[in-house]
Amino acid sequence: MTAREESFVALSVLLTGYDSVHLLGTGMAEQYLAILDSILPTGMVDDLLAAYQRLPQGPQREPAAAATILGDAKLGPVARNLIVLWYCGSWTQLPAAWRATYGAAPQDTTHAVSADAYQAGLQWLAAGAHPAGAKAQGYGAWALGPEGR
Amino acid sequence: MDSSDITTLEELKSYLYSAMQLEHATLPPYLVALYSIKPGTNLDATQIIRVVAVEEMLHLTFAANLLNAIGGEPDLTVPGFVPNFPTYLPDGEQEFLVHLAPFSRQTIENFLQIERPSLAPSGVNKLVARREHGPFLHLGTHPRQTTMRYYSIGDFYKAIEDGLVYLEGEAQKQGKTIFTGDAGRQITSQYYYSGGGHLHPVTDLATAVTAIRLVIEQGEGQTATIYDSQKELAHYYRFDQLIHGRYYRSGDAIEHPTGEPVSVDWDAAYPVKTDVKLADIPAGSELHQAAAAFNQAYARFLAEITEAYNGKPHKLMEAVAHMFEFRNAMTVLIRNPLPGSNGLYAGPTFEVSPEAAGAPQAGAESLEVVA
């Protein structure tokens, strides 16, 4: 894994609340970073990663992330899109005002990334559920209670 | 009477326990290779390995049914039941190592060795002195003469079939039967749904022989035919299709499949470290915790199956659902880079007991307790 990929996964840990073992475990990290690179204007992914690297350690870390990443006019919508990407495996078109200011790439359309991304969505893990139509649990599993119950 | 023959019910029980151990031991290697395949690639290989793994589960259950039928108690939680990989298997005069390894041509060739049909040629002793390989488990070892092993897995199963016939014949002469087990302990298709074949209860010699032959035919095979009596391709030939890049079809000669092409991308797999151990993963890391948690989940799964095989067949359905859960846990481990290994990846270690884990790792052990 390159240092840039490592930095991307570390940022994603902060944004999603899942540890790096789970994020890498989806097998999607490389693909998601490539999607950001292909849709966002040149240099913006590195701006996002640099903003992450500048965050202080300790109790100020999360408030700082809320202010300098999620609260930032340019990086905020991108970071929120990245959260949706990890949880749902789909890309949401950036807001019209953002597109007008920073540029609209032709690939910036609302779309499911791939069948694998849909299955790898963190939403299923968070809900203790399974992606409909994939990751079969075995015959009769519907009669069993959800995990953790 | 040959020294390889089974002459007492206790011997037959220990052979059937060994059979369960053998059938189970193929699962970890098949699952690691299966889940190392990168998502969206190698669809043919995924299907081929998955089907074989499901059938190994079926064979394990058949062995449990046989053991239950003669009044035994299947126990998959005995320390040492799960081998500390690599493990040895017999292949005629030779012995070979079975590894936990990622999908590759070499790994599929290893699987072909596991499934290669062979019986000792007539005139050759069915028992061979086994070589000493230190702490590693030898599957196919003679249960009472531990310095000896069977020439092949086919010979091992043939000994069980002959033992069943012999002991039941002796019992019948006295108006008795060896099939005294509680029929309620039999696992049937009602409790285990799969495409691997019909799971019938074992209650007498006829059903016992049918069960053992199905295991032999689907698995290691003992005849030189590609298809078994149910017109299903034996495991060896399923894997062989990946090497040849072509499916077998009815009427094909051995080693010459002429069906549709099978597309294989040998490079589209995570390079899992071969026979990875917990001790290879930095102690205290999230990855180490995930690997240890998988081993605990796997130990629970074996305990659930044991419960199912001991009078609670309905528990098997739950165990199978949990099997699918740890599929997810396995893929997570396999997709994580292994720190300090020059680009290799982690994977499930299947160290479920202190015996299988070998000598305790002082550092790792204490951190695990804290976690």
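Residues numbered from 1 in each chain as written. Chains lettered and ligands numbered in written order. Predicted model: local features only at pLDDT ≥ 70, side-chain atom pairs only at ≥ 80, totals over all residues. Heavy atoms only, no water.

As for the packing of helix α1 (residues 9-25) of chain B against helix α5 (residues 153-173) of chain B
Residues and elements named next belong to chain B.
Part 1 of the reasoning: Interaxial distance between α1 and α5 falls to 10 Å at its minimum, and their mutual angle equals 145°. Crossing hand, α1 versus α5: left-handed. Along its contact with α1, which presents L9, L12, Y15, L16, S18, A19, L22 and E23, the element α5 presents I153, F156, Y157, A159, I160, L164 and L167.
Part 2 of the reasoning: Its residues assigned to classes, the contact of α1 with α5 shows 13 nonpolar, 1 polar and 1 charged. (Axes fitted to C-alpha atoms, helices over the stretch in contact; angles between N-to-C directions. Helix = DSSP H or I, 4+ residues; strand = E, 2+ residues; numbered from the N terminus. Left-handed = near helix turned anticlockwise from the far one by under 90°. Contact = heavy atoms within 4.5 Å. Nonpolar A, V, L, I, M, F, W, Y, C, P; charged D, E, K, R; others polar.)

A short note on unusual backbone geometry
Glycine aside, the phi torsion of most residues is negative, and most peptide linkages are trans.
Residue and element names in this part refer to chain B.
Part 1 of the reasoning: Here the amide bond leading from F85 into P86 is cis, since omega sits at 5°, within 30 degrees of zero.
Part 2 of the reasoning: Within the secondary structure, P86 sits in the loop between α3 (43-69) and β1 (87-91).
Part 3 of the reasoning: Residue F350 is not a glycine yet carries a positive backbone phi of 55°.
Part 4 of the reasoning: Inspection of the secondary structure assignment puts F350 in the loop between α9 (315-334) and α10 (354-357).
Part 5 of the reasoning: Exposure remark for F350: the relative accessible area of 1% places this residue in the buried category. (Buried < 20%, exposed > 50% of the residue type's maximum accessible area, 1.4 Å probe, protein only.)

Brief notes about the pattern of salt bridges
Part 1 of the reasoning: In the structure shown here, the tally under the stated rule is 11 salt bridges over all chains.
Part 2 of the reasoning: Linking R4 of chain A and D37 of chain A is a salt bridge whose minimum nitrogen-to-oxygen distance equals 2.8 Å. Of the two residues, R4 of chain A is situated in helix α1 (residues 3-16) and D37 of chain A in helix α3 (residues 29-39); the sequence distance between them amounts to 33 residues.
Part 3 of the reasoning: Its relative accessible area of 35% is what places D37 of chain A among the partly exposed residues.
Part 4 of the reasoning: The salt bridge involving K312 of chain B is made with E307 of chain B; its shortest N-O contact spans 3.4 Å.
Part 5 of the reasoning: Taken together, the shared-partner salt bridges connect R4, D37 and D46 of chain A into one network. (Salt bridge = Lys/Arg side-chain N within 4 Å of Asp/Glu carboxyl O.)

These results come straight from atomic positions and should not be treated as a statement about function.
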